[in-house]
Amino acid sequence: MSLVEKFEEHYKEKLVRPGNGCCPGCGGSLAWRMLLEALGKNTVLYGGAPCAGCAMRVIKLPRFGFHFSFVGDGASGIAAAFKVKGREDITVFSSAGDGGVGDISFGKVSACAERNDNFIQCCIDNEAYMNTGIQKSGLTPYGAWTTTTPTGKKSKKKMIPMILAQHRIPYLATLSIAYPQDLMKKVRKAKEIRGFRYLHLVMPCPTGWRFPASKTVEVARLAVQTWIWPLYEVEKGILRLTMKPKQRPVEDYLRLQGRFRHLTEDEIAEIQRSVDEEKERLLERDGKNIWL
Amino acid sequence: MSRMPMTKVMEGNEAAAYGVKLSRVEVIAAYPITPQTELISTLASMIARGELKAEYIKVEGEHTALAATAAASAAGARAFTASAAQGIVYMEESIWMPPGMRLPVVMCIVNRAIAPLGGLRPDHNDSLLQRDTGWIQIYCENGQEVLDTIIQAYRIGEDKRVYLPVAPCYEGYVVSATATPVEIPDQEEVDDFLPPYKHEMYSLYPENPRSPPRLMRSIAEARYEVQQAMERAKKVIEEVDREYGERFGRYYDGMVEQYRCEDAEAVMVTMGSITGTARDVVDELREEGKKIGLVKLRVFRPFPTEEIQEIGKRVRAIGFVDRNTSYGAVAGCGIGCIETARALYPLDEHPLLLNYFVGLGGSDVTIPQLRHIAKRILKAAETGKPVKDVEWVELEKLEE
């Protein structure tokens, strides 16, 4: 079997076609491979133009979407149509970026959660408006450079998963492309649950975060190991940390990325303090009901 | 066994709800706004009682309402929404989606004047603002026409020659909250007239995915297709209305209705509920021997160019009664008058074209006002010279 034939054989089984329009080193192509592997063929995708979704026009599943400001709403419509048609066996998977979920369509996502509409909403979070060229979003972390925060963002990242947890949705989880087993296990679990399920994936962006394209997985892993992006799930209110790595200093993560280049020692210390506190709070609540 | 239609006294919004129910709508996504609320709460009751088997998504805003409606339509369900005024403006981004994506949803626009220079009462700016978006717009005079038009709207929009969304428009309060006798057609007969929805371009089912090959062609070509669909819709609207008339006994003359226009020298053009009042005025003046007729512009998109031209060839003066404003527009005219002017332009001999603003922000449109307008048009037809080209009737001293 020639190499070309081997690739053809491989892609025959996969839900993505070879090739994509992502930037070199984009975590998006990895993310989509893992997500689709776990979701399976009986899936319809909904979403407009989040960076990774836009670049991945090579997915072999029915897709529908409007524009990036329409997060979740169309998935509600599709889920309602499938219910009327007796086709609730189909998984409706809605994807959007951090700007869509956290900023312009935050009200929509909140409403879908409140109605407990029957679909999975995924936020593919690269922590800024990357498609338009690196502008600050509500999910850009404290201190990060973007073209609209040239001296670093002064406010903190909005904690969307925890806000959605308080909507009392049946399931939510945080994901990382550096932990594929954890990611796929959570997606498979979400797929089996009915109602509104939320997945939040922080996806390193070499272009916007300013790191070499070869370091995507390393950066993603460091986000988890520093406890900046802890991996957990909340099922029926019960918080469960799915990874409890030995903590590494935030500096290891921050120093790899040009977007944090300007941070002073004091600022890094401040970030470390805040991460430590959040880690403590999470560990205290691990295994407990966090619905207020 | 054939059942007889039933007649019931009901408000316009309830008539609309019956139209939705008889059309066997499968997904509704709507957000409340006065004066549309009675329509959506009636639908909620119908679903609760099991009379209408539909999923109703109670959304958090109009931007979502139409997006969810359009997505449901793409997923193979017959879908409906309704809104008004601020709601229509708020959903503007969503409004462009169904025409461009060729999704035949139906949205009732329960006309209401837009704030700040409006209140709760009706004018036509909210729907006319959408004239460039690719929605078919049909203006209804009363509750019966609303019910009938919603059923027709699905037949028109879902016709594969068209595949465009349709907005039945009717004025808040004047139509939406006024009780009139409305005949409810038999469900089986409606089922014969309106087959189940099936879109040839779309399927979101994983075993057989299908989507329009939009990205394969130029945008200009895709836009030209929408324009061509609009042109084809004229014929479809006529056909559908005629067949509806044969089956149910009510025919609305398709694109425009001409009332006592046969030998008219002057005609008044109206849209929506004003037409009912204008009919009485024309009757009165006809009794006085005046050669005046009334043109009810039922469909504003696609614009009935040929019909207006045909009328233009026969009369000396046309007065367009505009219930809208377009600040700073050509010659200070309203939207209806501007469109009419272009329709008339290629004619060798033009009738005089006059423009009258009435009922702005929902003020009452009265018989004395319409009599004043009719007499001004008649005078222009007689003398060949208008008293004024454009009149804000409420600010005028009325004749007589």
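Scroll up to find the structure.
Scope of this entry: the structure provided in the associated data block. (Residues numbered from 1 in each chain as written. Chains lettered and ligands numbered in written order. Predicted model: local features only at pLDDT ≥ 70, side-chain atom pairs only at ≥ 80, totals over all residues. Heavy atoms only, no water.)

### Some thoughts on the overall build of chain B
Selection criterion: Each helix is a run of H or I in the DSSP string that is no shorter than four residues. Each strand is a run of E no shorter than two, and both are numbered from the N terminus. Values of the radius of gyration come from C-alpha atoms, whereas the globule rule sets the reference at 2.2 Å times the count of residues to the power 0.38. Exposure classes here rest on a 1.4 Å probe applied to the protein chains alone. A residue is buried below 20% of its type maximum, exposed above 50%, and partly exposed in between. What makes two residues a contact is simply this: any of their non-hydrogen atoms within 4.5 Å. Methods summary: accessible areas were calculated by the Shrake-Rupley approach with a probe of 1.4 Å, and residue burial reflects only the protein chains presented.
Looking only at helices and strands, one finds 14 helices and 15 strands in chain B. Its C-alpha radius of gyration of 21 Å places chain B within 12% of the 21 Å reference for a compact globule of 400 residues. Each of the three principal axes of chain B carries a C-alpha extent, and together these read 70 × 50 × 45 Å. The proportion of buried residues among the 400 residues of chain B is 59%. A separation threshold of at least 6 residues defines the contact pool for chain B, and within that pool the share at least 24 residues apart is 79%. Just so you have it, chain B exposes about 15800 Å², and 53% of that area is on carbon and sulfur atoms.

### Side note on the pattern of salt bridges
For clarity, the cut-off: The rule for a salt bridge is simple: a side-chain nitrogen of Lys or Arg has to be within 4 Å of a carboxyl oxygen of Asp or Glu.
Applying the stated criterion across every chain, the model contains 58 salt bridges over all chains. Across the pair Glu-9 of chain A and Lys-12 of chain A runs a salt bridge, and its minimum N-O distance is 3.8 Å. Taken as a pair, Glu-9 of chain A and Lys-12 of chain A lie in helix α1 (residues 3-13) at a separation of three residues, close to a single helical turn. For Glu-9 of chain A, a relative accessible area of 39% gives the class partly exposed. Residue Glu-145 of chain B pairs with Arg-298 of chain B through a salt bridge whose shortest N-O separation is 3.0 Å. Here Glu-145 of chain B, found in helix α8 (residues 143-157), pairs with Arg-298 of chain B, found in the loop between β11 (292-297) and β12 (299-301); they are 153 residues apart in sequence, far enough to count as distant. There is no split in this pair, since Glu-145 of chain B and Arg-298 of chain B are both buried. Salt bridges here are not isolated pairs; linked through shared partners, they connect Glu-141, Glu-145, Asp-241, Glu-257, Arg-279, Lys-296 and Arg-298 of chain B.

### Quick notes on the sheet that holds strand β6 (residues 136-139) of chain B
Residue and element names in this part refer to chain B. Note the threshold: Here a strand pair is declared whenever DSSP counts at least two bridges between the two strands. An axis is simply a line fitted to the C-alpha atoms; with a helix, the fit covers only the stretch in contact. Between two such axes, the angle follows the N-to-C directions and lies from 0 to 180 degrees.
The strand order across the open sheet formed by seven strands is β3-β2-β4-β5-β7-β6-β12, and the pairing between neighbours is mixed. Each edge of the open sheet carries a strand with a single partner, namely β3 (55-58) and β12. Across the sheet, the mean angle separating the axes of adjacent strands is 20° when strand polarity is ignored. Relative to β3, strand β2 (residues 27-30) is paired through four bridges, and the arrangement is parallel. Paired with Val-27 across the bridge in β3 is Glu-55. The sheet strands contacting α8 are β4 (79-83), β5 (106-111), β6 and β7 (166-171), and the helix crosses β7 at an angle near 165°.

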